[in-house]
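Chain by chain, the residues:
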Amino acid sequence: MRAIRCEEWGGPETLRLRDIPDPVPQKGEVLIRIHAAGVNFPDVLIIQKKYQVQPELPFTPGAEIAGEIEAVGEGVTGYKPGDRVLALCSTGGFAERIALDAHRCVPIPDSVSFEVAAGLMLAFGTSHHAVVDRGEIKPGETILVLGAAGGVGLAAVDIAKAKGARVIAAASSEEKLEICRAHGADATINYGTGDLRAAIREHTGGKGPDVIFDPVGGHFAEPAFRSIAWRGRYLVIGFAEGTIPSLPLNLPLLKGASLVGVFWGEFARREPKNQIRMMEDLFAMLARGEIRPLVSKTYSLDQTDEALRDMAARRVTGKIVILP
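Note that the coordinates shown come from a computational prediction; the quantities given were computed from them, not determined experimentally.

Criteria and cut-off values
- Residues numbered from 1 in each chain as written.
- Predicted model: local features only at pLDDT ≥ 70, side-chain atom pairs only at ≥ 80, totals over all residues.
- Heavy atoms only, no water.
- Salt bridge = Lys/Arg side-chain N within 4 Å of Asp/Glu carboxyl O.
- Buried < 20%, exposed > 50% of the residue type's maximum accessible area, 1.4 Å probe, protein only.
- Helix = DSSP H or I, 4+ residues; strand = E, 2+ residues; numbered from the N terminus.
- Expected span 1.5 Å × (residues − 1).
- Contact = heavy atoms within 4.5 Å.
- Core = buried A, V, L, I, M, F, W, Y, C linked by side-chain atoms within 4.5 Å.
- Phe/Tyr/Trp six-rings, centres within 6.5 Å; stacked < 30°, edge-to-face > 60°.
- Pairing = 2+ DSSP bridges.
- Axes fitted to C-alpha atoms, helices over the stretch in contact; angles between N-to-C directions.
- Right-handed = clockwise from strand over helix to strand, strands pointing away.
- Parallel < 35°, antiparallel > 145°, perpendicular 65-115°, else oblique.
- Nonpolar A, V, L, I, M, F, W, Y, C, P; charged D, E, K, R; others polar.

1. Quick word on the pattern of salt bridges
Inference 1: Enumeration according to the criterion identifies 18 salt bridges in this entry.
Inference 2: Between Glu-174 and Arg-181 there is a salt bridge; the shortest N-O distance is 3.6 Å.
Inference 3: On the basis of relative accessible area, Arg-181 is assigned to the partly exposed category, the value being 33%.
Inference 4: Note that Arg-309 and Asp-305 form a salt bridge whose closest N and O atoms lie 3.5 Å from each other. Taken together, the residues Arg-309 and Asp-305, both in helix H11 (residues 304-312) and four residues apart, mark about one turn of the helix.

See the structure below:
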């Protein structure tokens, strides 16, 4: 089969398209023909040896896939060839096939395309875990979403609106903010041109947001936290800007506010039953039209380097997907 291989640490230009042996499903595994693979910011980091957990060289990047089961290994029950599934795989997704533990798979409803399913689990899973579980959003509360036009940001906009919150979407351009408005954002902030704190005060009447969803980090974190409401919850999602910020600890004290870490992958591993309930809720919201995953662009397998460059340069809105 064809697969993208990381054979040395570096940027997307170091990746190579190779022919490697087809995987064989072992006991408890299924063999999946990959129809679509979601592209995520950790894919950019992992090939540069900058992610929290690093595989050994060589490896195939790609953390989430959707496809069709071709074969099942010994002892697998509940799945059969022809079943449509999505899965979080950490690595191995930018390829034509993958063998995975059957317990890592989630059935895809017939109404959901492979392209949408491939971008659903990590972005919408992260945002659901953040907004609903860790952020405990309530109807009528206000949430500020930074990086709101990206994959997890736009998912957070959708989910927060579905749960009855008022959403302020912040992004770096008017083009990105227009996408947020199309997904139901009640107010928008262009932090590429304006003063973030002043805009937050304006849109919240000086009260501040009850929840802040931050996948960006960097220099936006402190002014955003200084604007949070009393008893607010600041959700630490990631650091797309590239810098991990340092916050003065007197700020949560003065606001009675909470800094809340969001690590969806570890949540899914430690709390599999809660993860299943979360996916059921997402599919139900999808069926009702309450969330609308945006796949803004697709790439062929030999365009994987281009996809990762677009992700690294933050040129991406919604989700982008590799079609092997």
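Now, onward.
2. What to know about helix H10 (residues 272-287)
Inference 1: Between its terminal C-alpha atoms H10 stretches 23 Å, which fits the 22 Å expected from 16 residues at 1.5 Å a residue.
Inference 2: Its buried side turned inward, H10 meets strand S5 (84-88), strand S7 (105-107), helix H3 (121-134), helix H4 (151-162) and helix H9 (264-270).

3. Describing the nonpolar core
Inference 1: Counting 51 residues, the largest nonpolar core has Leu-86, Ile-143 and Phe-213 as its most contacted members.
Inference 2: If sequence neighbours within four positions are ignored, Phe-213 has contacts with Ser-127, Ala-130, Val-131, Ile-143, Leu-144, Val-145, Leu-146, Val-152, Gly-153, Ala-156, Leu-235 and Ile-237.

4. Some points on the packing of aromatic side chains
Inference 1: On inspection of all chains with the given rule, the structure shows three aromatic pairs.
Inference 2: Ring centres of Trp-9 and Phe-59 lie 6.0 Å apart, and the angle between their planes is 45 degrees; this geometry places the pair in the tilted category. In this pair, Trp-9 is assigned in the loop between strand S1 (2-5) and strand S2 (16-19) and Phe-59 in the loop between helix H1 (41-46) and strand S4 (64-72), connecting sequence segments 50 residues apart.
Inference 3: Judged by relative accessible area, Trp-9 falls into the partly exposed class, the value being 29%.
Inference 4: Residue Phe-59 is classed as buried on the basis of its relative accessible area, which comes to 5%.
Inference 5: Ring geometry for Tyr-191 and Phe-220: centres 4.1 Å apart, planes at 35 degrees, overall tilted. Residue Tyr-191 is found in the loop between strand S10 (187-190) and helix H6 (196-204), and its partner Phe-220 is found in the loop between strand S11 (211-214) and helix H7 (221-226); the two are separated by 29 residues along the sequence. Each member of the pair Tyr-191 and Phe-220 is classed as buried.

5. So, the sheet that holds S10
Inference 1: Strand order in this open sheet of six strands is S10-S9-S8-S11-S12-S13, and the pairing throughout is parallel. The open sheet has two free edges, formed respectively by S10 and strand S13 (258-261), since each of these has just one partner strand. The sheet shows a mean angle of 20 degrees between the axes of neighbouring strands, direction not considered.
Inference 2: Examined bridge by bridge, strand S8 (residues 142-145) and S11 share three bridges and lie parallel to one another. Paired with Ile-143 across the bridge in S11 is Val-211.

6. With respect to the pairing of S10
Inference 1: Both faces of S10 are covered, namely the face carrying Ala-187 and Ile-189 and the face carrying Thr-188 and Asn-190.
Inference 2: Direction of pairing for strand S9 (residues 166-171) relative to S10: parallel, over a ladder of four bridges. If you follow Ile-168 over to S10, its bridge partner there is Ala-187.
Inference 3: For the crossover from S9 across helix H5 (residues 174-182) to S10, the handedness is right-handed.

7. Considering the packing of H3 against H10
Inference 1: Running from amino to carboxyl end, H3 crosses H10 at an angle of 105 degrees, the nearest separation of the two axes being 10 Å. When the axis of H3 is compared with that of H10, the two are roughly perpendicular. Across from Met-121, Phe-124, Gly-125, His-128 and His-129 in H3, the residues of H10 making contact are Gln-275, Met-278, Met-279, Asp-281, Leu-282 and Met-285.
Inference 2: When its residues are assigned to classes, the contact of H3 with H10 shows six nonpolar, four polar and one charged.

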